[in-house]
Structures are given as structure tokens and as C-alpha cells.
Amino acid sequence: MASPLLKVAVRGLSRCIRYTTPSLRAFSSSAQLQLPSSVWKLGRLNHVAIAVPDLEKATALYRDVLGAQVSATLPLPEHGVSTVFVELGNTKLELLHPLGEKSPIAGFLQKNKSGGMHHICIEVDDIKAAILALKAQNIRMLSAEPRIGAHGKPVMFLHPKDCDGVLVELEEA
């Protein structure tokens, strides 16, 4: 049975992954070339990100109380966050805390004082192809170009209004 969080994530992606390439007609009227339904592939759930007002307290909860393996704190000034990854075996949790005055997490925490789920991250095999395909389906991106994320790989955030209220991060696998 799927967890409620996974059900929300899948439901939130329903609009974001509907892309099929139209068939192209060959020069012969009797022949038709069929392209694959997609030139990029959606992969596994990489992580669920949780905004936290106190990074040390949240890290201690997962490490000391729940017994999880946690990473060192990783500051990402270009994204305005500090992160800690919690290993879960089949995926990870990413604990997010504001870093700097322009942090998008600071705004999230102003609205959600005790923190909460911020986004889900799903791997794709070709982020540039995914972006092109999703833009063709009128899915908005939150930046003009992919940026390098916490794992050192290109990432792109999809607008939550186009993904049933879920902020989706795509990360190249």
C-alpha cells in the first residue's frame, strides 16, 4: 500500500508528465514514422524536501531519536539554503533551512512557522529534453535554465500551479 505522501506526490505529477510526441509522416503517404512516446524518462523519487525552522533540532530528531544516517550540513548559497540529507534506504529526506536574506525557504517558513513539506525531487534521464517537452505542454519552470543542485547535478523546479499544487524538482540522474 502506497504511503499518503507518495500518493500526493504522484497526484501532483499527473499534469507534469503528460507528454507524447506526435507522429511524424514520412515522405511516402503510405509510411508513417512513429517516435517513442517520450524522448526523456521519468525516474525514481530522489528525495522529499522538508523546510525546518531549526536545522540542528531537526537533524537531531532523525539521527538521535529515529536512528537515521544523516549527512553533514551543506550550505548552498546559490539556492539560499542549508541542507542535511537523511538516508532512508529507498530514498532520502532533504532538510532545508534558510541561508541568507533572499532565501525562498525563509518565505515558506514565514507562512508555515513549524515547517513542512516543501517539494519532491524526481530523477529524469535527460533534463534538457524533459524541460523542452514540459514547456511544450505549457508547464512553467521557475528559472530560465537548470542550475546545479545539492548533488552536483542539474536541477529544474516546475511551477506548483502547473503540477496540482506540488513544487516538483527534476534532477538529472
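Structure: above.
Before going into details, it helps to say that this report is about the structure given with it. Owing to the predicted nature of the structure, the values given are computational and were not obtained by experimental measurement.

Scoring rules and cut-offs
- Residues numbered from 1 in each chain as written.
- Predicted model: local features only at pLDDT ≥ 70, side-chain atom pairs only at ≥ 80, totals over all residues.
- Heavy atoms only, no water.
- Buried < 20%, exposed > 50% of the residue type's maximum accessible area, 1.4 Å probe, protein only.
- Helix = DSSP H or I, 4+ residues; strand = E, 2+ residues; numbered from the N terminus.
- Arc of directions from axis to C-beta.
- Contact = heavy atoms within 4.5 Å.
- Polar contact = N/O pair within 3.5 Å; in protein donor to acceptor, adjacent residues only side chain to side chain.

Comments concerning helix α3 (residues 104-111)
- The set of residues buried in α3 consists of I105, F108 and L109. For α3, the arc enclosing every buried residue in end-on projection is 95 degrees, short of the 170-degree limit, so these residues lie on one face. Along α3, exposed side chains directed more than 90 degrees from the buried face belong to Q110 and K111.
- On its buried face, α3 is in contact with β3 (42-51), β6 (81-87), β7 (92-98) and β8 (116-124).

Here's the deal with helix α4 (residues 127-136)
- Within the span of α4, buried status applies to I127, A129, A130, I131, A133 and L134.
- Measuring from the backbone nitrogen of K128 back to the side-chain oxygen at the start of α4 gives 3.3 Å, which picks out D126 as the cap.
- Taken from the residues just after α4, N138 is the one with a positive phi, measuring 65 degrees.

Observations regarding unusual backbone geometry
- Although it is not a glycine, N138 adopts a positive phi angle of roughly 65 degrees.
- With respect to the helices and strands, N138 occurs in the loop between α4 and β9 (147-148).
- Look at N138 and you get exposed, because its relative accessible area is 59%.
- Phi angles above zero are rare outside glycine, and D164 is one such case at about 55 degrees.
- If you trace the backbone, D164 turns up in the loop between β10 (154-158) and β11 (168-172).
- Residue D164 is classed as partly exposed on the basis of its relative accessible area of 47%.

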